[in-house]
Amino acid sequence: MEQGGQEIDRLMRAGLSGDGAAYARCLRLLAPVMRSMARRSLPADRADLTEDVVQEALLSLHLKRGSWDPGRPLLPWVRVIVRHKAIDALRARGPAMDEPLEAHHAIGASDADPLTGLHIEQALARLSVRDAALVRGHAIDGVDSEALSKQLGLSAGALRVALHRALRRLARVAQEDGGWTPKT
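Residues numbered from 1 in each chain as written. Predicted model: local features only at pLDDT ≥ 70, side-chain atom pairs only at ≥ 80, totals over all residues. Heavy atoms only, no water.

Caption draft 1: Structural context of helix H2 (residues 20-41). Under the 1.5 Å per step criterion, the end-to-end length of H2 is 30 Å for 22 residues, consistent within 8% with the ideal 32 Å. A maximum bend of about 30° is found in H2 at Ala-31, where proline Pro-32 lies one to four positions downstream. Along H2, the residues classified as buried are Ala-22, Tyr-23, Cys-26, Leu-30, Ala-31, Val-33, Met-34, Met-37 and Ala-38. Near the N-terminus of H2, the side chain that reaches the backbone nitrogen of Ala-21, with its oxygen 3.2 Å away, is that of Asp-19. (Helix = DSSP H or I, 4+ residues; strand = E, 2+ residues; numbered from the N terminus. Expected span 1.5 Å × (residues − 1). Bend = angle between axes of the 7 residues up to and from the residue. Buried < 20%, exposed > 50% of the residue type's maximum accessible area, 1.4 Å probe, protein only. Polar contact = N/O pair within 3.5 Å; in protein donor to acceptor, adjacent residues only side chain to side chain.)

Next comes the structure, spelled out in structure tokens:
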């Protein structure tokens, strides 16, 4: 994995420098590695949480990518994110339950993700202008932290705090609008 780890590091560095194709390739290479990390971080009887952990870890990695130190290897940093997301998933779901699929009549009723397209725009419209700009700029448009800090006139630390609060407000708004429960 040493060679693959170096390639992933190189692609992430290029992605942080603005190369979107390199960043996309980095995420494609990271996904199976993260899946393996998630399986090792979860108890055998909770393997059903693997994909949720990977998705949450990928989202967290995307949102926090600017905090990675390019002078250090990426995979140990990713491993910590995956481990924390696995712990969060276990806490959020409680003990495993064996229930027959037939007991859940609503499964498959709707494939729509409540936070896509129109829903996300409606939720953003209920935030303050600054909160919506923070979320849209960083989480949706992928503007790097430094550029966003300058654009909004915030220090790096103030940006992190403001973004964290804006994402919490967005989660609350989305939960009120559609019953979506955020994964933390």
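Don't stop here, the text continues.
Caption draft 2: Inspection of the nonpolar core at higher detail. Formed by 25 residues in total, the largest nonpolar core has its most connected members in Leu-30, Leu-74, Val-78 and Val-82. The set of elements that each furnish at least two residues to this core consists of helix H1 (2-16), H2, helix H3 (50-64) and helix H4 (74-93). No other element matches H2, which puts 8 residues into this core. (Core = buried A, V, L, I, M, F, W, Y, C linked by side-chain atoms within 4.5 Å.)

Caption draft 3: Inspection of a positive patch on the surface at higher detail. Positive charge collects at one region of the surface, where Arg-39, Arg-40, Arg-79 and Arg-83 lie side by side. Within the secondary structure, Arg-39 is located in helix H2. (Patch = residues over 30% accessible without salt bridge, like charges linked within 9 Å, V, L, I, M, F, W, Y side chains within 5 Å. Areas by Shrake-Rupley, 256 points an atom, 1.4 Å probe, with all protein chains shown as cover. Salt bridge = Lys/Arg side-chain N within 4 Å of Asp/Glu carboxyl O. Lys, Arg positive; Asp, Glu negative; His and termini not counted. Charge placed at Lys NZ, Arg CZ, Asp CG, Glu CD.)

Caption draft 4: Inspection of the pattern of salt bridges at higher detail. Applying the stated criterion to the full structure yields 5 salt bridges. For the salt bridge of Asp-48 with Arg-46, the shortest nitrogen-to-oxygen distance reads 3.4 Å. Judged by its relative accessible area of 54%, Asp-48 is exposed. Judged by its relative accessible area of 8%, Arg-46 falls in the buried class. A salt bridge links Asp-131 to Arg-169; its shortest N-O distance comes to 2.7 Å.

Caption draft 5: Region of interest: H3. The first and last C-alpha atoms of H3 sit 21 Å apart over 15 residues, in line with the 21 Å expected at 1.5 Å per residue. Among the residues of H3, Thr-50, Val-53, Val-54, Glu-56, Ala-57, Ser-60, Leu-61, His-62 and Leu-63 are the ones counted as buried.

Caption draft 6: Summary view of the packing of H3 against H4. One can describe the packing of H3 onto H4 by two numbers: an axis separation of 9 Å at closest approach and a directional angle of 130°. In terms of their interaxial angle, H3 and H4 are classed as oblique. For the element pair H3 and H4, the recorded crossing hand is right-handed. Contacts between H3 and H4 involve Asp-52, Val-53, Glu-56, Ala-57, Ser-60, Leu-61 and Lys-64 from the former and Trp-77, Val-78, Ile-81, Val-82, Lys-85, Ala-86, Ala-89 and Arg-93 from the latter. Among the residues making up the contact of H3 with H4, the classes are represented as 9 nonpolar, 1 polar and 5 charged. (Axes fitted to C-alpha atoms, helices over the stretch in contact; angles between N-to-C directions. Parallel < 35°, antiparallel > 145°, perpendicular 65-115°, else oblique. Left-handed = near helix turned anticlockwise from the far one by under 90°. Contact = heavy atoms within 4.5 Å. Nonpolar A, V, L, I, M, F, W, Y, C, P; charged D, E, K, R; others polar.)

Caption draft 7: Broad picture of the packing of aromatic side chains. As enumerated under the stated definition, the model contains 0 aromatic pairs in all. Its end group placed over the ring of Tyr-23, Arg-65 keeps NZ or CZ at 5.4 Å from the ring centre. (Phe/Tyr/Trp six-rings, centres within 6.5 Å; stacked < 30°, edge-to-face > 60°. Lys NZ or Arg CZ within 6 Å of the ring centre and 35° of its normal.)

Any link to function would need more than the numbers given here.
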